[in-house]
Amino acid sequence: MTRSSDQTNAGGRMNALVVEDSPPMRKMIVFALSRIRELSVTEADDGVDALRRLASTRFDIIITDINMPILDGLKLVKRLRADENYKDVPIIIITTEGAEEDRQRALALGANAYITKPIQAPQVIAMVRETLGLPG
Amino acid sequence: MSRDDAESPSLRDQTQAFLHEFFVKGQELIRELIEENERLRKSMAPDAAQSASTLSPTSVEMVGRLMRQVEELEHEAAEIRRIAGNVQDDASYRDRLQSLEDEHYNLAAMYVASGQFHAAATVDEVLRTVTEILLNFVGVAAFTLFVHDPSRGVLFPLWREGGDPADRPELPRPTEGPLADALSIGRPWRTGDAMGATDDGLMHLPLYAGTNLVGMIRIESFLPQKSDFSESDYGLFELISGHSGIGIENAWIREHAKAKPVERQAIEQLVGG
């Protein structure tokens, strides 16, 4: 999905939110996304931290882990899809859960795409570009 | 280059084939034009025998013009070959760029992982870092971390991802076999060292603090989406082998050291010592 220009930030870039409770994994996802010049990336420690950031900033894409304390990634997706402001925002799941039923469950809840760990940076970059309609 | 690329004709081969066909057809066309010109000339000339001995100025001009066109086309073909070669160079460049990007990402993973180890001040933090790296970066589903107890000569299970460490028995430090080969290297593991694969584990990674064996990690299974070790995994194993061993030892020493504030004279005596 391509977001309209009024949703970009002051620097003319789109806003991405990375939700991951593992600091090294979060850093690696942010590192991969730093290759996309059109993106400005914000980090959230977990689902609760994500909700706090989503309340104050408009994000164009959300990349989230599933297994997180208190508010996991699937609950976060469910909450966002019930929110008028975020019901159409692209959500990409990055998780260790590689079973097909896990993928189907996430997509049924409203996630747009699903990537399994260990991640490959080109795969993440391509998926985000494709989801946002950015040229490769 | 992918297998598909290797099996399909390259752009250079396709260009060469096209040019070959182009020039063959051009030669046929020139021959037909000359024959047609000769036929017309003969039909128009009353004295065929005399005319046949020499080409008319019109025929000579046409052949000359066609030869010039052939030269121009050959020049153009050389240019096309040059461009086709550059396209192949571009493909090589893209492959090289991709390779550098992958290497860049692997180095970033190593940087992030080593930063986590250096920030770990407790055994719990070391174990969490090991787990996050093996789970998220390597794709390990289950592993057990054993700590070496030199006083009893055993390795005991301290932490297990994917199960309860109590389900794993203590192991006498082996003196022979693949496990002994993996553990007895006397320094942190390096790529190319024994993997120590056994029926119980895909790999046994020794954890060293310098030359002191601190423990080992038995890698028991991969995540379903991962089937084998990759090149980037080995760099992370080197890092885990050296850094987590030091991390566990440091955390142990810190836990048991007497609390003493930093004193200038005392710390200065450590410099250069």
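Note that the structure is predicted; figures quoted are calculated from it, not measured. Once a new chain begins, its residue numbering starts again from 1 and follows that chain's sequence as written. The lettering of chains begins at A and the numbering of ligands begins at 1, in the order of writing. Per-residue local features of the predicted model are confined to residues with pLDDT of at least 70, and side-chain atom pairs are confined, for both listing and counting, to 80 or more; whole-chain, interface and lining totals are unaffected and use all residues.

## Considerations on the overall build of chain A
Inference 1: Helix and strand counts for chain A stand at five helices and five strands.
Inference 2: Counting from the amino terminus, chain A carries its helices and strands in the arrangement β-α-β-α-β-α-β-α-β-α.
Inference 3: In terms of overall size, chain A behaves like a compact globule, its C-alpha atoms giving a radius of gyration of 13 Å where 136 residues would be expected to give roughly 14 Å.
Inference 4: Expressed along its principal axes, the backbone C-alpha trace of chain A runs to roughly 35 × 30 × 25 Å.
Inference 5: Residues counted as buried form 40% of the 136 residues belonging to chain A.
Inference 6: Contact definition: two residues whose C-beta atoms, as placed from backbone geometry, lie within 7 Å. Considering only contacts in chain A between residues 6 or more positions apart, those separated by 24 or more positions represent 62%. Helix numbering and strand numbering both begin at the N terminus, where a helix is a DSSP run of H or I of at least 4 residues and a strand a DSSP run of E of at least 2. This radius of gyration counts C-alpha atoms alone. The globule rule is 2.2 Å times how many residues there are, raised to the power 0.38. Residue burial is a threshold on neighbouring C-beta atoms within 10 Å of the residue's own C-beta, all placed from the backbone, with 20 or more meaning buried, 12 or fewer meaning exposed, and counts in between meaning partly exposed.

## A short note on the confidence of the model for chain A
Inference 1: When pLDDT is averaged across chain A, the result is 89; 92% of the residues are at 70 or more.
Inference 2: As a per-residue quantity, pLDDT reports the predictor's confidence and falls between 0 and 100. Considering only residues more than four positions removed or in separate chains, one finds that residues 1-7 of chain A, a stretch of pLDDT under 50, has eleven contacts.

## Side note on the sheet that holds strand 2 (residues 154-161) of chain B
Residues and elements named next belong to chain B.
Inference 1: Spatially, 3-2-1-5-4 is the arrangement adopted by the five strands of the open sheet, whose pairing is antiparallel. Edge positions in the sheet fall to strand 3 (171-172) and strand 4 (203-209), since each of these pairs with one other strand and no more.
Inference 2: In short, DSSP must find at least two bridges between two strands for them to pair. Where strand 1 (residues 140-149) lies against strand 2, seven bridges are found, and the strand directions are antiparallel. When the sheet's bridge partners are listed, His148 is paired in strand 2 with Leu155.
Inference 3: Against the sheet, helix 7 (residues 231-256) contacts strand 1, strand 4 and strand 5 (212-222), and its axis sits at roughly 50 degrees relative to strand 4. Note on method: axes are straight lines fitted to C-alpha atoms, helices fitted across the in-contact stretch only, with angles between N-to-C directions ranging 0 to 180 degrees.

## Brief notes about the pairing of strand 1 of chain B
Remember that side chains alternate between the two faces of the sheet whenever the strand is regular.
Residues and elements named next belong to chain B.
Inference 1: Relative to strand 5, strand 1 runs antiparallel, the two sharing seven bridges. The partner of Thr144 across the bridge, within strand 5, is Arg218.
Inference 2: In this antiparallel pair of consecutive strands, strand 1 and strand 2, the connection spans four residues, and Gly153 shows a positive phi of 70 degrees.

## Considerations on the interface of chain A and chain B
Inference 1: Contact residues are listed per partner, giving 15 residues for chain A and 18 residues for chain B.
Inference 2: Within the side of chain A that touches chain B, the residues separate by chemical class into nine nonpolar, four polar and two charged. Charged residues are taken to be Asp, Glu, Lys and Arg, nonpolar residues to be Ala, Val, Leu, Ile, Met, Phe, Trp, Tyr, Cys and Pro, and polar residues to be all remaining types, Gly included.

## What about the nonpolar core?
Inference 1: If you look at the biggest cluster of nonpolar residues, it comprises 74 residues, and the most contacted ones within it are Ala16 and Leu17 of chain A together with Leu236 of chain B.
Inference 2: The element that contributes the greatest number of residues to this core is helix 5 (residues 123-138) of chain B, accounting for seven residues. The nonpolar core criterion groups buried Ala, Val, Leu, Ile, Met, Phe, Trp, Tyr and Cys residues into a set whenever they are joined through C-beta atoms within 7 Å.

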